[in-house]
Amino acid sequence: MSAPLILVVENNRTDQQVFNHLLDKYDYRPQIVSSAAAALEVVRHTRYAVILLSLNLPDMDGYTCAKAI
């Protein structure tokens, strides 16, 4: 059984590194994108176990992005 794939939508580099480290440490497979547009694109082609979504993104607020997903 492969590790669950988790999408992290976060534009802050420090937060991206923290999420990547913690998720990898607990045997998850994080995929990190830094914008809502990138998130909307990858969810078209990939199924994620969980999506962690920042509310403050440069191109769209997190609530709007969540509704679009």
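Residues numbered from 1 in each chain as written. Predicted model: local features only at pLDDT ≥ 70, side-chain atom pairs only at ≥ 80, totals over all residues. Heavy atoms only, no water.

## A short note on the side chain of serine 35
Within the secondary structure, serine 35 is located in the loop between strand E2 (29–33) and helix H2 (36–42). Setting aside its immediate chain neighbours within four residues, serine 35 contacts Val9 and Asp59. (Helix = DSSP H or I, 4+ residues; strand = E, 2+ residues; numbered from the N terminus. Contact = heavy atoms within 4.5 Å.)

## Quick look at the nonpolar core
Formed by Leu5, Leu7, Val9, Val33, Ala36, Ala39, Val42, Tyr48, Leu57 and Cys65, the largest nonpolar core amounts to ten residues. Broken down by secondary-structure element, the contributors of at least two residues to this core are strand E1 (5–9) and H2. Contact partners of tyrosine 48, with chain neighbours within four places excluded, come to Leu5, Ile6, Leu7, Gln31, Val42 and Val43. (Core = buried A, V, L, I, M, F, W, Y, C linked by side-chain atoms within 4.5 Å. Buried < 20%, exposed > 50% of the residue type's maximum accessible area, 1.4 Å probe, protein only.)

## Quick look at the pattern of salt bridges
Under the definition given, this model contains one salt bridge. Among the salt bridges present, the one from glutamate 41 reaches arginine 44, with a minimum N-O distance of 3.7 Å. By relative accessible area, which is 39% here, glutamate 41 ends up partly exposed. Exposure remark for arginine 44: the relative accessible area of 66% places this residue in the exposed category. (Salt bridge = Lys/Arg side-chain N within 4 Å of Asp/Glu carboxyl O.)

## Topic: helix H1 (residues 13–25)
Here H1 spans 18 Å end to end across 13 residues, near enough to the 18 Å set by a 1.5 Å rise per residue. One side-chain oxygen of the residue at the start of H1 lies 2.9 Å from the amide nitrogen of threonine 14, identifying that residue as asparagine 12. Downstream of H1 by one or two residues, aspartate 27 has phi in the positive range, about 65 degrees. (Expected span 1.5 Å × (residues − 1). Polar contact = N/O pair within 3.5 Å; in protein donor to acceptor, adjacent residues only side chain to side chain.)

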